[in-house]
Amino acid sequence: MNKIQGRHFRAEKFDFWSFFFSGLTGLATLLILGILATILINIIANGCQGFSWHFVSTIPKKDFFDIKTTGVLPMIVGTTFRVLVMTIFVIPVGVITAIYLTEYAPSNSFITRIIRAAVNNLAGVPSIVFGLFGLGFFINFIGKNLDVLLHNSSAVWGQPALIWASLTLAVMTVPVVIVATEESLKAIPPGLREASLALGATKLETILKIVLPQALPGIMTGGILAVSRAAGEVAPILFTGVAYYMASLPTHLSDQFMDLGYHVFVLSTQSPNIEQTRPILYATVLVLLVLTFALNIVAIIIRSNIRRKMRSLH
Amino acid sequence: MTEISLPRIAVADAGPKAAPSAPFIEIESLSLFYGASKALKNISVTLGEKVVTAFIGPSGCGKSTLLRCLNRMNDLIDSVRIDGAVKIGGHDIYGPDVDVIELRKRVGMVFQKSNPFPKSIYENVAYGLRLHGVKNKSELAAAVEKSLQQSALWDEVKDRLHSSALGLSGGQQQRLCIARAIAIRPEIILMDEPASALDPLATARIEELILELKKDFTIVIVTHNMQQAARISDFTAFFYIGELIEFDHTAKIFTNPAKKQTEDYVTGRFG
Amino acid sequence: MENHFEMGLDALRQKILLMASRAETAVNESVQALVQRDYDLALRVREDDNLIDQFEVEIDEMAIVLLTKAPLASNLRLVTVAMKVSQNLERIGDEATKIAKRARDLAQEPPVKINLDVNRMAGLSLAMVKEALDAFVHRDSAAARALIPRDKEVDALNKEIHQQLAQHMMANPDTIARCLHWIVASKSLERIADHAKNIAEEVVFLCEAQDIRHPAAKAAGSAPG
């Protein structure tokens, strides 16, 4: 065994601190992984019992605590819709705000700093506060006034609805999109902007044709983060759109909807028989997880497609 | 006064003046401020048409700043203020009625770091044309080919026009940037150390290209490489701390400069 | 794409060839004036020397401008060698002028009755100049190397002519002044061959990057590298 060559390059002394800290960081990582694995295994193992095609494709009756007849189709549809509608609002607003902040706002001016601080604080507000804000602003202010204007004061918009829940979620997640977009805009080499401007492009043309296409993957990342956060949130939709029970699927933006997260809450607090409901509860949680993953994966696939396109062609 | 015969290498009297052939770019007592600090001090010089003029000088002497005055790229910096005038073909480009977009169409620019857009080779060259309203497909294709020919890149890329420009080598990318700049047929091309990031072979190709391009374009180039200035330029301007120290024929600047500062700089004795 | 620096080198080479043909003509005509006792021709050769001097100045200027562009390796050698070649050509022109001066003086006096092989010597020297320049143009170091020993032949001829003239002077003291003119003219022809040899040595340096001048000094110095 010839290890002489290697030995010369090794530290002579056993370095305790280096060993200690590498051990500590490793343990911390293991702990996180362990917790995650426990949760996932628990959910998957227990969730499989109640999980079936019938379960995900059935609109349940009013009494949805019976494992044999219940289903979660309206909840899947509701959660998916509210997330998609949120995305439609949050991406443009977030992106335009980020473009303003990085490209147009005078850097380091008082107003710019105020806006930035506001965006950061928005991210720290508890989600139930957003729910109350949605109720007060969207439903009672905007919705009621819309009804006065359009529907002769009959309640169409001035009540909890898919659109208000989605908008509330959009307000909650817009900081994520702004920050992610800003970061990706800043990461674009200034040389590209200069090159475009030097060719006689206006600032707007430069942003639309050079900057935004480049920033698209970063914007998508912001979108993915927003979707992930929004899909599991219950508090913001509590007062703004979710229904305890609906006999049919939502078809209109002014409809209320059922939601997987809220349904989990309902199942665990309103059930007449906890033991009997438990398999349904687990299966619903599993569906929520799968749905969140699915939404994420779709977004990730789109993003990597854009990246590949950018790298190879155009 | 009696006539005196000039010595063979005419010794112009001290001071930056020596006006070349046909005056084309006239810089008249131009000063530039970054906030309170004065980066260019009262610069007056006249550059000729279809010649290569080199700006040389130590880092921070203002040569790049002056270059960027010629297509108003300094406008992008909020704190910049300018005194004096820059006339191109007799028109003050800082006049109130000047369209900066139109100006940049006439005065192209190539940067130190090659900066092709993350698009195809074809789209890079077509970018400026599309901006300025060329939509006809065959017209675009012809202009793209001509520009790539002129920048000596056509033979290397004609079979992969629609693959990404980022797949090209550094030297090819810089020639693509030149093709992109000349595609919109500017009158002037500004080059800010266009070969400083390239290997000697790629540098030589860029230099040859510049010598070819001066048949059709007026070229102003900033360079840190004395020999490069000597190889490619007809006139050379030497700057030091925001001042134009000397302007003359390149051969004169590099064999017998009038000012001691110029001599010290070109011989490497500076500072 | 043509290389602009190469174009500059070409122009320099062309200029040297023009200068060389001028110098050759000068030597030819001066020898002709000497042998045929042509007074007018001798005067003309002296006037034309200005042109050759002018060439040298122009070639130096071109070379200096080329040197500012930092040529390297064989290009660098070509430019420096060009300057030395032009200098040698200028000297050849000077020697032709000297011959012409003697031809002018001799033409005004009665001929010396002696059979000198000046034509052969002139032929040899001129051939060396011509071949040295051919070697320069074609970068032919073998031809240049072959040329160098031929300088000895011219030296020998020169010595022979000197002896002939010395004997003639001793026998006919009244011809001493005229014979001295002949001695100077012969010496000039020998110098022309020397310059041709110098050019050949420069050509070898140009082609092989090897300095073959002064082998003795080289050995004694033996500097590193």
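Coordinates for the structure precede this section.
Residues numbered from 1 in each chain as written. Chains lettered and ligands numbered in written order. Predicted model: local features only at pLDDT ≥ 70, side-chain atom pairs only at ≥ 80, totals over all residues. Heavy atoms only, no water.

(A) How the structure looks around the overall build of chain A. The helix and strand inventory of chain A stands at 12 helices and 0 strands. Seen in sequence order, chain A has helices and strands lined up from the N terminus as α-α-α-α-α-α-α-α-α-α-α-α. Its C-alpha atoms give chain A a radius of gyration of 25 Å, more than 25% over the compact-globule value 20 Å for 314 residues. Taking the principal axes of its C-alpha atoms as reference, chain A extends roughly 75 × 65 × 40 Å. Within chain A, buried positions represent 41% of all 314 residues. Expressed as a percentage of contacts within chain A between residues at least 6 apart in sequence, the contacts between residues at least 24 apart total 73%. (Helix = DSSP H or I, 4+ residues; strand = E, 2+ residues; numbered from the N terminus. Rg over C-alpha atoms; globule rule 2.2 N^0.38 Å. Buried < 20%, exposed > 50% of the residue type's maximum accessible area, 1.4 Å probe, protein only. Contact = heavy atoms within 4.5 Å.)

(B) View of the side chain of Asn124 of chain B. Looking at the secondary structure, you find Asn124 of chain B in helix H3 (residues 121-131). In contact with Asn124 of chain B, other than residues within four places in its own chain, are Pro116, Phe117, Lys119, Ala165, Leu176 and Arg180 of chain B.

(C) Fine view of the interface of chain A and chain B. Facing the 21 residues of chain A at the interface are 25 residues of chain B. With both sides pooled, the region where chain A packs onto chain B buries about 1900 Å², and carbon together with sulfur makes up 65% of that total. Taken together, the links from chain A to chain B amount to 1 salt bridge. The shortest N-O distance in the salt bridge between Arg68 of chain B and Glu194 of chain A comes to 2.8 Å. Joining chain A to chain B, the criterion identifies 5 residue pairs in polar contact (both at pLDDT 80 or more). For the side of chain A that touches chain B, the elements supplying multiple residues, two or more each, are helix H8 (190-198), helix H9 (203-232) and helix H12 (274-312) of chain A. For the side of chain A that touches chain B, the leading source of residues is H8 of chain A, giving 7 residues. Looking at the side of chain A that touches chain B residue by residue, the class counts come to 9 nonpolar, 8 polar and 4 charged. (Buried area = accessible area lost by both parts, 1.4 Å probe. Salt bridge = Lys/Arg side-chain N within 4 Å of Asp/Glu carboxyl O. Polar contact = N/O pair within 3.5 Å; in protein donor to acceptor, adjacent residues only side chain to side chain. Nonpolar A, V, L, I, M, F, W, Y, C, P; charged D, E, K, R; others polar.)

(D) The sheet that holds strand S2 (residues 37-48) of chain B, seen in detail. All names here are of chain B. Strands sit in the order S2-S1-S4-S5 across an open sheet of 4 strands; the sheet is antiparallel. With partners counted over all chains shown, the strands left at the sheet margins are S2 and strand S5 (91-92), one partner each. Bridge count between strand S1 (residues 23-34) and S2: 8 bridges; the pairing is antiparallel. Among the inter-strand pairings, Ile27 is bridged to a residue of S2, identified as Val45. (Pairing = 2+ DSSP bridges.)

(E) Looking closely at the pairing of S1 of chain B. Residues and elements named next belong to chain B. Between S1 and the antiparallel strand that follows it, S2, lie 2 residues; Gly35 among them carries a positive phi value of about 60°. As defined by bridge partners, S1 adjoins strand S4 (residues 80-88) across 8 bridges and the pair is classed as antiparallel. Paired with Phe33 across the two strands is Arg81, which belongs to S4.

(F) Summary view of the packing of aromatic side chains. On inspection of all chains with the given rule, the structure shows 16 aromatic pairs over all chains. An angle of 55° between the planes, with centres 4.5 Å apart, marks the rings of Phe117 of chain B and Tyr127 of chain B as tilted. With Phe117 of chain B in the loop between strand S6 (107-110) and H3 and Tyr127 of chain B in helix H3, the pair connects residues that are 10 residues apart, well separated along the chain. The exposure class assigned to Tyr127 of chain B is buried, which follows from its relative accessible area of 4%. Through pairs of rings, three or more aromatic residues link up here, namely Phe133, Phe137, Phe138, Phe141, Trp157 and Trp164 of chain A. (Phe/Tyr/Trp six-rings, centres within 6.5 Å; stacked < 30°, edge-to-face > 60°.)

(G) Spatial organisation of unusual backbone geometry. All names here are of chain B. Non-glycine residue Ser29 carries a positive phi angle of around 35°. Along the chain, Ser29 falls in strand S1. Even without being a glycine, Glu193 presents a positive backbone phi close to 45°. On the secondary structure map, Glu193 appears in the loop between strand S7 (188-192) and helix H7 (200-213).

(H) Just the interface of chain B and chain C, in detail. In this complex, chain B contributes 14 residues to the contact, which on the side of chain C involves 14 residues. Taken together, the two surfaces of chain B and chain C that pack against each other cover about 1200 Å², and 62% of this comes from carbon and sulfur. Run the count over chain B and chain C and you get 0 salt bridges. Our enumeration of links across chain B and chain C arrives at 2 residue pairs in polar contact (both at pLDDT 80 or more). Within the residue set of the side of chain B that touches chain C, elements represented by two or more residues are H7, helix H8 (226-232) and helix H9 (250-255) of chain B. The dominant element in the side of chain B that touches chain C, judged by the number of residues it contributes, is H7 of chain B, at 5 residues. Of the residues assigned to the side of chain B that touches chain C, the class counts are 7 nonpolar, 2 polar and 5 charged.

(I) Looking closely at the sheet that holds strand S10 (residues 243-249) of chain B. Residues and elements named next belong to chain B. Overall, mixed pairing links the 6 strands, which are arranged S6-S7-S8-S3-S9-S10 in an open sheet. On the outer flanks of this sheet lie S6 and S10, each paired with one strand and no other. Sheet twist, expressed as the average angle between the axes of neighbouring strands with direction ignored, equals 20°. In this structure, strand S3 (residues 52-56) lies alongside strand S8 (residues 218-222), joined through 4 bridges in parallel fashion. Within S8, the residue paired with Thr53 across the bridge is Val220. Contacting S6 and S7, helix H6 (residues 170-183) runs over the sheet at an angle of about 170° to S6. (Axes fitted to C-alpha atoms, helices over the stretch in contact; angles between N-to-C directions.)

(J) Geometry of the pattern of salt bridges. Evaluated as defined, the whole model comprises 34 salt bridges over all chains. The partner of Arg150 of chain C in a salt bridge is Glu131 of chain C, with the nearest N and O atoms 2.7 Å apart. Here Arg150 of chain C is found in helix H6 (residues 150-171), whereas its partner Glu131 of chain C is found in helix H4 (residues 118-138), with 19 residues between them in sequence. Three or more residues joined by partner-sharing salt bridges are found here, namely Lys260, Glu263, Asp264 and Arg269 of chain B.

(K) Just helix H2 (residues 16-50) of chain A, in detail. Residues and elements named next belong to chain A. Taking 1.5 Å per residue, 35 residues should reach 51 Å; H2 reaches 51 Å between its end C-alpha atoms and fits that length. The set of residues buried in H2 consists of Ile43, Gly47 and Gly50. At the N-terminal end of H2, a side-chain oxygen is found 3.2 Å from the backbone nitrogen of Trp17, two or three residues along, and the residue is Asp15. (Expected span 1.5 Å × (residues − 1).)

(L) Up close: the layout of surface pockets. Reported here for the largest pocket is a volume of approximately 750 Å³. Lining the largest pocket are 29 residues, and of these Ala230 and Arg231 of chain B together with His4, Phe5 and Lys69 of chain C lie nearest its centre. Looking at the lining of the largest pocket, the elements that each hand over two or more residues are H7, H8 and H9 of chain B together with helix H1 (4-36) and helix H2 (39-68) of chain C. No other element matches H1 of chain C, which puts 5 residues into the lining of the largest pocket. Looking at the lining of the largest pocket, its residues break down into 14 nonpolar, 8 polar and 7 charged. The calculated volume of the second largest pocket comes to roughly 570 Å³. Along the wall of the second largest pocket there are 21 residues; nearest its centre are Thr102, Glu103, Arg193 and Lys203 of chain A together with Leu76 of chain B. Residue assignment for the lining of the second largest pocket shows that the elements contributing at least two residues are helix H4 (73-104), helix H7 (162-186), H8 and H9 of chain A. Within the lining of the second largest pocket, the residues separate by chemical class into 9 nonpolar, 3 polar and 9 charged. (1 Å grid on protein atoms, 1.4 Å probe; cavity = no way out; pocket = protein on both sides within 12 Å on 5 of 7 lines; lining within 4 Å. Points joined across faces, edges and corners; volume = space filled by probe spheres on them.)

(M) The arrangement of H8 of chain A in detail. For H8 of chain A, the complete set of buried residues consists of Leu192, Arg193, Ala195, Ser196, Leu197 and Ala198 of chain A. One or two positions beyond H8 of chain A, positive phi appears at Gly200 of chain A, with a value near 95°.

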